[in-house]
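Residue-level structural notes
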Amino acid sequence: MSPVQSYRQLFALTGPMYVVIAFLGRLPLAMSQIAALLAVSGATGSYAAGGATAGALAVANAIGSPVAGSLTDRVGQRPVLLVQSVLGTVGLLALAVLTLRTEAGDPWWPLPVVAALGGAFVPQVGTMARVRWRPISAAGLRIGPASAAAADHAPPRTAADTRVMDAAFSYEGAADEASFVLGPALVGLIVAAAAPVTSLVVAAALLGAFGTWFALHPTVALVGRDTSGGGGRGRLVTPALLVLAGIQLSIGMVFGSIQTGTSVLATQAGAPGLTGLLHALLGVGSVLAGLAVVALPERVGHLTRLRVFSLALVVLALPLLLVASVGSLSLALLGLGIAIAPSMITTFTLAERTTPVRRLGAAMTALAASTGAGYALGAALAGRLADVGGHLPAFAVTVAATALAAGLAWAGAGAVRSQAATPAPAPRTELASTAQ
């Protein structure tokens with residue numbers, strides 16, 4: 001099956017409207033952090049205030065998302081996502097109003113507080129979409145009163161089902177990367193045409209519209225509440241999940257350190273405005289490579305892919321230590337992006353293959369939170385080193401993070417393989433044979 005056929009079969013299960021809704025629903029998360037940074041910095045005249053506000057929003061989201069993910073496993077996605085969409089929208093609008101009322105010289109400490117309250121409720125639509133593909137594939141989108149029960153007792157996956165799931169995770173990985181390219185770009189366009197705070201209002205409007213729509217889409221019926229009483233939910237924290245979360249933490253450090261190093265180099269070159277465009281180049285290569293992952297033959301198991309892709313991360317990160325201009329950095333970022341989405345796609349796929357069905361929401365949001373935590377850690381380490389030695393020490397953090405990801409992928413392969421070979425306690429059969 002060609003990649004085009006795989007994606008055509010995948011999208012036929014839900015129709016194109018679901019794909020559009022799920023993509024637009026994840027844009028607010030991609031926009032909110034940089035929108036908060038620019039809006040608050042512009043209003044207060046303080047980069048410290050903007051950074052603290054954006055950081056508070058990101059940290060609160062990293063903490064709140066696994067809690068919300070665990071709740072979706074217990075009560076279903078619809079009520080949790082509805083509450084998140086409504087409260088997240090209100091939170092972003094409240095931050096916009098408070099920013100408008102804050103001027104240079106005013107105390108700005110309320111801004112991070114409000115940003116944290118709002119950020120805690122912005123939903124991780126991408127991770128929730130990943131959770132839906134398993135029952136969608138198993139049930140063939142048979143929406144009805146017994147959909148959730150049918151999904152829980154679905155027969156073992158066939159080879160075709162596995163191929164559809166590979167296409168689903170390839171698409172979701174590419175979609176996440178695309179959202180984190182388009183989100184900041186959209187914020188940039190809004191800021192160029194209107195006041196920076198407008199970008200927060202637009203993010204809130206998108207969340208209110210498409211976050212709610214995603215929560216109410218018929219596919220949500222396939223991930224209903226847990227009626228097992230907790231007895232068949234299975235174990236969440238396993239050595240395999242810890243390994244995969246560590247890899248995602250490392251990839252997050254790559255994102256944070258690259259953004260810092262890129263900003264430093266662009267500023268040194270006298271073109272700080274190019275920072276966003278340069279960082280987007282990383283996403284361009286990543287999106288294209290992510291979409292191509294589905295073309296890999298099934299005989300190449302997912303553990304093999306993870307080991308190979310993690311080594312590719314190290315090899316393609318090394319040129320960053322040689323960049324000395326915006327042009328050379330552009331080529332290095334395009335190259336590194338080729339390995340990022342495939343690594344993330346494989347990590348999330350292995351988590352899906354090794355996690356009991358009734359713990360998927362918590363597992364997926366835990367990996368997303370690990371990525372966010374790694375971003376903050378990588379940015380902090382790279383920023384401190386950049387203050388001392390410029391962009392090269394910042395990019396050294398990037399290389400070290402890729403080495404950590406590769407080390408975890410190779411050293412932790414046994415733990416992931418062991419978990420993949422262990423039958424899940426849930427009544428539904430889990431497929432682990434392709435995670436080799």
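These lines cover the structure that appears in this document, whether it is placed above or below. Quick caveat, the model's predicted, so the values are computed rather than measured.

**A few points about the packing of helix α12 (residues 302-317) against helix α15 (residues 391-411)**
- Relative to each other, α12 and α15 sit at 160°, their axes nearing to 8 Å. Classified by the angle their axes make, α12 and α15 are roughly antiparallel. Note on packing geometry: the crossing formed by α12 with α15 is left-handed. For the pair α12 and α15, the contacting residues are Leu306, Arg307, Ser310, Leu311, Leu313, Val314 and Ala317 in the first and Val399, Thr402, Ala403, Ala405, Ala406, Ala409 and Trp410 in the second.
- Of the residues contributing to the contact of α12 with α15, the split by class is eleven nonpolar, two polar and one charged.

**Focus on the packing of aromatic side chains**
- For the structure on display, the rule yields five aromatic pairs.
- With a centroid separation of 6.1 Å and 25° between ring planes, the pair formed by tyrosine 18 and phenylalanine 214 is classed as stacked. Of the two residues, tyrosine 18 is situated in helix α2 (residues 16-44) and phenylalanine 214 in helix α9 (residues 197-216); the sequence distance between them amounts to 196 residues.
- Seen from their ring centres, phenylalanine 210 and tryptophan 213 are 6.0 Å apart, and the 15° between their planes marks the pair as stacked.

**A short note on the nonpolar core**
- Within the largest apolar cluster, 82 residues are counted, with the highest numbers of intra-cluster contacts made by Leu10, Phe214, Leu320, Leu329, Leu336 and Ile340.
- The element that contributes the greatest number of residues to this core is helix α10 (residues 239-268), accounting for 14 residues.
- Aside from chain neighbours lying at most four places away, what touches leucine 320 is Ile258, Leu329, Ala332, Leu333, Leu336, Leu392, Phe395 and Thr398.
- Ranked by size, the runner-up nonpolar core spans 24 residues in total, among them Ala39, Leu200, Ala204 and Leu206.

So, how was this worked out
- Residues numbered from 1 in each chain as written.
- Predicted model: local features only at pLDDT ≥ 70, side-chain atom pairs only at ≥ 80, totals over all residues.
- Heavy atoms only, no water.
- Axes fitted to C-alpha atoms, helices over the stretch in contact; angles between N-to-C directions.
- Helix = DSSP H or I, 4+ residues; strand = E, 2+ residues; numbered from the N terminus.
- Parallel < 35°, antiparallel > 145°, perpendicular 65-115°, else oblique.
- Left-handed = near helix turned anticlockwise from the far one by under 90°.
- Contact = heavy atoms within 4.5 Å.
- Nonpolar A, V, L, I, M, F, W, Y, C, P; charged D, E, K, R; others polar.
- Phe/Tyr/Trp six-rings, centres within 6.5 Å; stacked < 30°, edge-to-face > 60°.
- Core = buried A, V, L, I, M, F, W, Y, C linked by side-chain atoms within 4.5 Å.
- Buried < 20%, exposed > 50% of the residue type's maximum accessible area, 1.4 Å probe, protein only.

On their own, these measurements won't tell you what the molecule is for.
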